[in-house]
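Examination of the molecular architecture
Each chain is listed here by its residues.
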Amino acid sequence: MDDAANAEQIAEWNGVLGERWATLQSEIDDIVVPFGAAALQAAAAQPGERVLDIGCGCGASAIELARQVGAQGAVLGLDVSRPMLDVAQARAEAARLPQLAFSEADASAADLPPGRDLLFSRFGIMFFGAPVAALAHLRRALRTGGRAAFVCWRTPRDNPWAMAPLVAARAALGVTPVRSDPHAPGPFAFADDARLRALLADAGFGAIALHRFDAPVTLGATPRLAAESALRVGPVSRFAAEAGPAQRPTIFDAVERALAVVAGADGRVQLGGSAWIVSASNPG
Ligand SMILES: C[S@@+](CC[C@H](N)C(=O)[O-])C[C@H]1O[C@@H](n2cnc3c(N)ncnc32)[C@H](O)[C@@H]1O
């Protein structure tokens, strides 16, 4: 595996982006709860199983998996973000789960403990520069018959929680989106189901199944809170950072106004989210 393939993502997640996510851990956990729960249900971790959680971030899913496998099992959370792993570690210590450990490592290149039963990820597996090589590396950590279960976002078009604020922000600044590589490492890199199936097959996985899972994403209790949330997490936060601080008030106003239009009668802003729940197995 080419070390440079993930260098950009590692620098981002181990820098300002990771620090922001670490600060917002509970808010982000709330946003993705239904998606993570659906992936955990598909994973169906059993007592005593040995699990890898890829891109475990602040540890929510790793902690849940550790509870499910119990004291006889083992869960290792891998992530490249020191700030997020610090949060994960503190939460794990508070939860008193000796079967749970974390490692700061690029999951696509790190030495992985062999013979794992389950490879899991909640939105942490779409950031590899060389996805087939990375997925093949992860598959080799599974025992023969071991399984993978993860959740990744479907197309931006079906994720208005992420795109509606971005569209409003772009319009406010008169920015026309440039066509970028839809498969580039990032939240939507695995959106194309045919490509995702091919990546997994090329990496040696069998029994590949993708199930669409849709759920509302609550951005905030009011349009203002939702705009604040959107400017902290998701594509519009990156757009605002690139536009610079002078444009932030304009962007904020535009996002708040757009979200006010779709807010419920009680002011709450809930927009659609859509993900793939993916399962596969290692034929050996
Ligand atoms: C969208 S966040 C998801 C975090 C967590 N799973 C959650 O659901 O809150 C993506 C995570 O993938 C991690 N990540 C990105 N590239 C990685 C790599 N090559 N190896 C391990 N983790 C990686 C990031 O640091 C980040 O924590």
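The structure this text deals with has already been given above.
Everything in this summary refers to the structure shown in the same document. Please read all numbers here as calculations on a predicted model, not as lab measurements. (Residues numbered from 1 in each chain as written. Predicted model: local features only at pLDDT ≥ 70, side-chain atom pairs only at ≥ 80, totals over all residues. Heavy atoms only, no water.)

1. Brief notes about the packing of helix H7 (residues 160–173) against helix H11 (residues 248–262)
Two numbers describe how H7 lies on H11: the axes approach to 8 Å, and their chain directions differ by 130 degrees. Accordingly, the angle class assigned to the pair H7 and H11 is oblique. Crossing handedness for the pair H7 and H11: right-handed. Seen from H7, the contacting residues are Pro165, Ala168, Ala169, Ala172 and Leu173; seen from H11, they are Thr250, Ile251, Ala254, Val255, Ala258 and Leu259. Split into classes, the residues belonging to the contact of H7 with H11 amount to ten nonpolar, one polar and no charged. (Axes fitted to C-alpha atoms, helices over the stretch in contact; angles between N-to-C directions. Helix = DSSP H or I, 4+ residues; strand = E, 2+ residues; numbered from the N terminus. Parallel < 35°, antiparallel > 145°, perpendicular 65-115°, else oblique. Left-handed = near helix turned anticlockwise from the far one by under 90°. Contact = heavy atoms within 4.5 Å. Nonpolar A, V, L, I, M, F, W, Y, C, P; charged D, E, K, R; others polar.)

2. Some details on the site of the ligand
Lining the immediate environment of the ligand, one finds 17 residues, of which Gly55, Asp79, Asp106, Ala107 and Arg122 sit closest. Within the side chain of Asp79, a nitrogen or oxygen atom sits 2.6 Å from an oxygen atom of the ligand. Ala107 places a polar main-chain atom, nitrogen or oxygen, 3.0 Å from a nitrogen atom of the ligand. With the chains in place, 96% of the 590 Å² that the ligand exposes on its own is no longer accessible. Of the residues contributing to the shell around the ligand, the split by class is ten nonpolar, four polar and three charged. (Near = heavy atom within 4 Å. Polar contact = N/O pair within 3.5 Å; in protein donor to acceptor, adjacent residues only side chain to side chain. Areas by Shrake-Rupley, 256 points an atom, 1.4 Å probe, with all protein chains shown as cover.)

3. Digging into the packing of helix H9 (residues 223–232) against H11
Two elements in contact, H9 and H11, have axes whose closest approach is 8 Å; the angle formed by their N-to-C orientations is 125 degrees. Considered as vectors, H9 and H11 are oriented oblique to each other. Relative to H11, the crossing made by H9 is right-handed. Here Pro223, Arg224, Ala226, Ala227, Glu228, Ala230 and Leu231 of H9 lie close against H11, whose contacting residues are Arg248, Ile251, Phe252, Val255, Glu256, Leu259 and Ala260. Looking at the contact of H9 with H11 residue by residue, the classes come out as ten nonpolar, no polar and four charged.

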